[in-house]
Amino acid sequence: MVQLPKVNELGFFEIRLESIGGLGANLAGKMLAEAGVMGVGLNGVSFSSYGSEKKGSPVKAHIRFCDTDARIRDTSPVERPHVVGIFHENLSKTVNVISGIYEDSIVLVNSKKTPEQLKEQLKLKGGVIAVVDATGISLEENNRVNMAMLGGLFRLCGFLDPEFMKGVVRKSLEKKYPGAVQPALNTFQRGYDEVKFQTFALADGDRMPDYVRMDTPVLGYETQPIGGTITNPGNSILKDLSISRAGKMPHFDDEKCIHCAACDNVCPDFCFVWEELPDKKGRPQMFLQGIDYQYCKGCLKCVQACPTEALQSELEEEGYAESHRVAHRFHLAL
């Protein structure tokens, strides 16, 4: 039996996966647990937590490992992880993805950025940041993000056997989807090989943020704003759906647009911004001005509906949404 690199006071080595529905974090957690239990003989458990929305909404997968002489009686969410896998870097906009980490925890991020850039973005004080472009790898190999992230996680969890994982992939796919076996194996291997990591020591005199339990109420008697004012009522105007985009987004070409509103008819989140302007004959008509990317979750239904290819599906690049966003004008909203 292998030796776990570190354990908490209960004897557990804990992993938490932060993702959005549709990227396969739930399945990745189950496969990690199987590799630990069946592959190297540890005790282990895996479970996930997510809301009713499923696809596009925040998802967490929790994995625990311990030696065979210990029993797993704790099925609460992982709040003090030794390893965190972030399947979607934009989750950090709205979710504290590094909550509860230790100063030597490992944070694996699906991103094209450098570890130094991610340290600033995540506001990480100390620990190890590992980076792998799981989205880019999955698109090149015609496979899923979770396989590339699994490869990176196996690289960081040296007690797990990657060859056992490859056997699980073959066994689960070769009967029903034989053509998917090799792309999945290639994606896993590239995730394993291409992960890069860097250690950041805690600055002298600094310390990690205080641990706060996840069930601490946001509006409790100690935490509510003065006067009990609810500063964010949770309405749709303030909501940011950009974290739901899984790598692709629509690009708008005004020159090809005939303002037919086919895109707006299929958009589930009213992303398109219109303005009434005079046409060539001076008659008032509605003209499409652009896309408010704050509300775009990347479903790409508009691209499929557009008859003139004025909307094209493109890989999301850093800063594109902010620089090309046409904001809605809510005249009656503060």
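All of these numbers come straight from a predicted model, not from anything done at the bench. (Residues numbered from 1 in each chain as written. Predicted model: local features only at pLDDT ≥ 70, side-chain atom pairs only at ≥ 80, totals over all residues. Heavy atoms only, no water.)

Caption draft 1: Structural detail: the packing of helix H4 (residues 145–156) against helix H6 (residues 181–194). The contact between H4 and H6 brings their axes to 6 Å, and the two run at 40 degrees. Here H6 runs oblique to H4, going by the angle between their axes. Here the hand of the crossing between H4 and H6 comes out right-handed. Here H4 contributes Met147, Ala148, Leu150, Gly151, Gly152, Phe154 and Arg155 to the contact with H6, which in turn contributes Ala184, Thr187, Phe188, Gly191, Tyr192 and Asp193. A breakdown of the residues in the contact of H4 with H6 according to their chemical character gives seven nonpolar, four polar and two charged. (Axes fitted to C-alpha atoms, helices over the stretch in contact; angles between N-to-C directions. Helix = DSSP H or I, 4+ residues; strand = E, 2+ residues; numbered from the N terminus. Parallel < 35°, antiparallel > 145°, perpendicular 65-115°, else oblique. Left-handed = near helix turned anticlockwise from the far one by under 90°. Contact = heavy atoms within 4.5 Å. Nonpolar A, V, L, I, M, F, W, Y, C, P; charged D, E, K, R; others polar.)

Caption draft 2: Representation of the sheet that holds strand E4 (residues 83–86) in the model. Across the sheet, which stays open at both edges, the seven strands sit in the order E2-E3-E1-E4-E5-E6-E7 with mixed pairing between neighbours. At either end of the open sheet lies a strand with only one pairing partner, and these are strand E2 (43–50) and strand E7 (196–200). Averaged over all adjacent pairs, the angle separating strand axes in this sheet is 15 degrees, with direction ignored. Inspection of the sheet shows strand E5 (residues 106–110) paired to strand E6 (residues 127–132) by five bridges, in the parallel sense. Considered in E6, the bridge of Ile106 is made with Val128. (Pairing = 2+ DSSP bridges.)

Caption draft 3: Layout of the environment of Thr94. Mapped onto the fold, Thr94 is located in the loop between E4 and E5. A sequence separation of 152 residues divides Thr94 from Ala246, and the C-alpha atoms of the two residues are 16 Å apart.

Geometric values such as these leave the question of function open.
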